[in-house]
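Next come the chains, spelled out residue by residue.
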Amino acid sequence: MAFESLNRDNIIDFLGDIFDRRGGESYMGEDVSMSEHMLQSAALAEKADAPESLVAASLLHDIGHYTSEFPEESLEMGRDNYHETAGSAVLEAFFPTSVTEPIELHVAAKRYLCAVNQDYFDRLSPASVNSLNVQGGPMDETEVAAFREHEFYRDALRLRVWDDEGKVAGVETRTFDDYRPLLRRMLKP
Ligand code: FE
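Note that the structure is a prediction, hence the values are computed from the model and not measured.

A.B. asks: Would you take a moment to explain the overall build of the protein chain for this structure?
C.D. replies: A count of helices and strands for the protein chain gives 11 helices and zero strands. Against the 2.2 N^0.38 benchmark of 16 Å for 189 residues, the protein chain shows a C-alpha radius of gyration of 16 Å, consistent with a compact globule. For the protein chain, the spread of C-alpha atoms along the principal axes amounts to about 45 × 35 × 30 Å. The buried share of the protein chain, reckoned over its 189 residues, is 50%.

A.B. asks: I keep staring at the packing of aromatic side chains and nothing clicks. Help me out?
C.D. replies: The description of an aromatic ring pair uses the distance of the two centres, along with the angle that the planes make with each other. All told, the structure shown has three aromatic pairs when counted by the stated rule. With centroids separated by 4.8 Å and ring planes inclined at 40 degrees, the aromatic side chains of phenylalanine 19 and phenylalanine 176 adopt a geometry described as tilted. Here the residue phenylalanine 19 occupies a position in helix H1 (residues 11-22), and phenylalanine 176 occupies one in the loop between helix H10 (153-165) and helix H11 (180-186), the gap between them amounting to 157 residues. Put simply, the rings of Tyr112, Phe147 and Tyr153 pair up and form one aromatic cluster. Over the ring of tyrosine 179 we find arginine 174, and its NZ or CZ is 4.7 Å from the ring centre.

A.B. asks: Please explain the packing of helix H5 (residues 83-91) against helix H6 (residues 97-116) as it appears in this structure.
C.D. replies: To characterise two packed helices, one gives the angle between the axes of the helices and the distance between these axes. Taken N-terminus to C-terminus, the directions of H5 and H6 make an angle of 170 degrees; their axes are 7 Å apart at the nearest point. By the angle class used here, H5 and H6 are roughly antiparallel. Facing H5, whose interface residues are His83, Glu84, Thr85, Ser88 and Leu91, H6 presents Thr100, Ile103, Glu104, His106 and Val107.

A.B. asks: Please explain the layout of surface pockets as it appears in this structure.
C.D. replies: Gaps left between atoms show up when a probe the size of a water molecule is rolled over them. A volume near 310 Å³ is recorded for the largest pocket. Taken together, Tyr82, His83, Glu84, Thr85, Glu104, Leu105, Val107, Ala108, Arg111, Ser131, Val134 and Gln135 make up the lining of the largest pocket. Those elements that provide at least two residues to the lining of the largest pocket are H5, H6 and helix H8 (126-134). Classifying every residue of the lining of the largest pocket by side-chain character gives five nonpolar, four polar and three charged.

A.B. asks: For this particular structure, what's the right way to read the packing of helix H2 (residues 34-47) against H10?
C.D. replies: Between H2 and H10, whose axes approach to 8 Å, the crossing angle comes to 130 degrees. With respect to H10, the element H2 is oriented oblique. When the axes of H2 and H10 are compared, the crossing they make is right-handed. Each of His37, Gln40, Ser41, Leu44 and Ala45 in H2 lies in contact with H10, whose residues at this interface are Trp162, Asp163 and Glu165. Looking at the contact of H2 with H10, its residues break down into three nonpolar, three polar and two charged.

A.B. asks: Any chance you could explain the pattern of salt bridges here in plain terms?
C.D. replies: Opposite charge on two side chains permits them to pair, given that their charged atoms come into close proximity. One pass over the structure, following the stated rule, counts nine salt bridges. Of the charged contacts, one joins arginine 22 and glutamate 25 as a salt bridge, the two residues approaching to 2.7 Å between their closest N and O atoms. Between aspartate 177 and arginine 180 there is a salt bridge, and its shortest N-O distance comes to 2.8 Å. One salt-bridge network, held together by shared partners, links Asp13, Asp177 and Arg180.

Calculation criteria
- Residues numbered from 1 in each chain as written.
- Predicted model: local features only at pLDDT ≥ 70, side-chain atom pairs only at ≥ 80, totals over all residues.
- Heavy atoms only, no water.
- Helix = DSSP H or I, 4+ residues; strand = E, 2+ residues; numbered from the N terminus.
- Rg over C-alpha atoms; globule rule 2.2 N^0.38 Å.
- Buried < 20%, exposed > 50% of the residue type's maximum accessible area, 1.4 Å probe, protein only.
- Phe/Tyr/Trp six-rings, centres within 6.5 Å; stacked < 30°, edge-to-face > 60°.
- Lys NZ or Arg CZ within 6 Å of the ring centre and 35° of its normal.
- Axes fitted to C-alpha atoms, helices over the stretch in contact; angles between N-to-C directions.
- Parallel < 35°, antiparallel > 145°, perpendicular 65-115°, else oblique.
- Contact = heavy atoms within 4.5 Å.
- 1 Å grid on protein atoms, 1.4 Å probe; cavity = no way out; pocket = protein on both sides within 12 Å on 5 of 7 lines; lining within 4 Å.
- Points joined across faces, edges and corners; volume = space filled by probe spheres on them.
- Nonpolar A, V, L, I, M, F, W, Y, C, P; charged D, E, K, R; others polar.
- Left-handed = near helix turned anticlockwise from the far one by under 90°.
- Salt bridge = Lys/Arg side-chain N within 4 Å of Asp/Glu carboxyl O.

Structure below.
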């Protein structure tokens with residue numbers, strides 16, 4: 001399958017298929033599966049009355065762990081990248097930056113929050129502290145200032161908090177299919 005064969009008519013089916021087939025896998029050392037985690041993140045965004053772009057971003061924020069599911073050309077875009085960059089790279093052909101930028105920044109957002117908010121740092125799960133160290137630790141002042149230059153950095157910070165909270169075993173959520181209409185509304189023309 002070539003990347004060109006993905007289009008605005010089939011991208012949502014394609015993403016739903018990844019949720020179905022791969023989403024049951026465990027979420028890196030946490031108590032929930034990958035799809036439960038992304039669905040919980042989306043549910044928290046809705047509960048907070050977030051705009052649809054940010055609900056979509058929350059739902060898809062870890063799709064970059066599955067870039068191997070995407071056609072080969074999209075792997076070129078995502079290869080050697082971290083999951084946040086890979087995810088936004090494969091989605092940006094179909095969704096606006098209001099969706100892809102919070103996804104791209106959601107790991108940096110953790111490094112940002114750890115730099116500016118001690119309470120946030122103290123509440124991280126053990127697995128999340130581990131990955132923080134791999135990701136470069138808390139931001140320094142220059143990085144904090146640069147982060148605030150991004151158009152959707154505030155959305156990225158909100159997504160980050162739902163990402164951290166969306167890891168509770170046994171929570172009932174809606175399904176991927178329930179979000180299809182919202183995702184369709186978010187597609188680029
Ligand atoms: Fe996540």
